Amino acid sequence: MGQKKDLTGSEKSKIVRYLAEGCSSLKIAKLLKRDHRTIKRFIQNSQQGRKKRVEKPRRKITAHELRKVKRAAAKMPLATSLAIFQSCNITGVPKSTRCAILRDMAKVRKAERRPPLNKTHKLKRQDWAKKYLKTDFSKVLWTDEMRVSLDGPDGWARGRIGKGQRAPVRLRRQQGGGGVLVWAGIIKDELVGPFWVEDGVKLNSQSYCQFLEDTFFKQWYRKKSASFKKNMIFMQDNAPSHASKYSTAWLARKGIKEEKLMTWPPCSPDLNPTENLWSIIKCEIYKEGKQYTSLNSVWEAVVAAARNVDGEQIKTLTESMDGRLLSVLAKKGGYIGR
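Cut-off values and rules
Residues numbered from 1 in each chain as written. Predicted model: local features only at pLDDT ≥ 70, side-chain atom pairs only at ≥ 80, totals over all residues. Heavy atoms only, no water. Helix = DSSP H or I, 4+ residues; strand = E, 2+ residues; numbered from the N terminus. Expected span 1.5 Å × (residues − 1). Buried < 20%, exposed > 50% of the residue type's maximum accessible area, 1.4 Å probe, protein only. Contact = heavy atoms within 4.5 Å. pLDDT = per-residue confidence, 0-100. Pairing = 2+ DSSP bridges. Phe/Tyr/Trp six-rings, centres within 6.5 Å; stacked < 30°, edge-to-face > 60°. Lys NZ or Arg CZ within 6 Å of the ring centre and 35° of its normal.

**So, helix α12 (residues 274-285)**
1) Next: For α12, spanning twelve residues, the distance from its first C-alpha to its last is 17 Å, which sits close to the expected 16 Å at 1.5 Å a residue.
2) Next: Among the residues of α12, Thr 274, Glu 275, Asn 276, Leu 277, Trp 278, Ile 281 and Ile 285 are the ones counted as buried.
3) Next: Close packing links the buried residues of α12 with β1 (140-149), β2 (179-187), β3 (190-197), α13 (295-307), α14 (311-318) and α15 (321-330).

Structural data, given as structure tokens:
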């Protein structure tokens, strides 16, 4: 008799029928030409019946323990559920239960990125806020640069995919496929630019000043009246190409010096309203996970998005400066968000 590993469904049915007819296990093995031990094992297992699943008692969480978990989650926002429960000396809770409890307490959010602020930075931010507290910010030209890539931020390429549907395919390229450095400014309710910085990340003091000469001064500043030029305050951040002695001296020769050139505190992108302009433009050009195939195409998208930003939106940004200064003083130079 041959010995096989498993009984087929038809063989099991025949065994049951033969048993009902009063056949012994040995006779059934001979009829089916199967090993006697295999037949006996099947008969024994079928007589024992299916074993009932024994559920382990779940760990109950008391109200006191829930309060401890909530405090621990607030102190350790980036920790795993296991680490949070272990810090509270709560053991025996399955992962599904831990995650369900934490979901009821808080939402999963990405960590915010911000520049580090030490004590010196905070003091300089407070001094800056006190210095310009009475300034008429409608006369300040706020400037900044932004880099846009062909692929856009990675975290924006997510969406809801229905059951049975495939996720859209995205191009995968190094460094986001390359990008364009864009310069722009806002004053009162007017947008200056945007202008394409040809040298991109290789921008130094000489090329920065030449860029301002070819774009900002020739295409915008030169058309303004003498009274406007007399009252305008020029703002730029502390990038090396901006704050160098060469750039400062060059701007002074253009009449932008002393009180007309705003001093800027270190590590303070949250105080520049142009950063909010960049957010508006990026939301527009990268909506629905859009990607671009060339630098010209992404540049055209930036220009189109900038044209759609109306004067009221820009005015809202520039008029927010009084509130930002008060927030800096209230937080003793701390980060205020954007």
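Here the narrative resumes.
**Thoughts on the confidence of the model for the chain**
1) Next: Averaged over every residue, the pLDDT of the chain is 87; residues scoring 70 or more account for 90%.
2) Next: The spread of mean pLDDT over the elements of the chain runs between helix α3 (residues 36-48), the lowest at 79, and strand β4 (residues 233-235), the highest at 97.

**Observations regarding the pairing of β3**
1) Next: By the bridge criterion, six bridges tie β2 to β3 in an arrangement that is antiparallel. The residue bridging Trp 183 from the neighbouring strand is Phe 195, located in β3.

**Brief notes about the packing of aromatic side chains**
1) Next: Here the structure, examined in full by the defined rule, presents 16 aromatic pairs.
2) Next: Centroid distance Trp 183 to Phe 195: 6.0 Å. Interplanar angle 25°. Geometry classified as stacked. One end of the pair, Trp 183, is in strand β2; the other, Phe 195, is in strand β3, with twelve residues separating them in the sequence.
3) Next: According to the relative accessible area criterion, Trp 183 is buried, its value standing at 1%.
4) Next: Ring geometry for Phe 217 and Trp 250: centres 5.5 Å apart, planes at 75°, overall edge-to-face. Here Phe 217, found in helix α8 (residues 205-219), pairs with Trp 250, found in helix α11 (residues 245-253); they are 33 residues apart in sequence, far enough to count as distant.
5) Next: Classification of Trp 250 by relative accessible area gives buried; the value is 12%.
6) Next: Of the aromatic side chains, those joined through ring pairs into one cluster are Trp 183, Phe 195, Phe 211, Phe 216, Phe 217, Trp 220, Tyr 221, Phe 228, Phe 234 and Trp 250.
7) Next: In this structure, Arg 17 is placed above the aromatic ring of Tyr 18, and the distance from its NZ or CZ to the ring centre is 5.5 Å.

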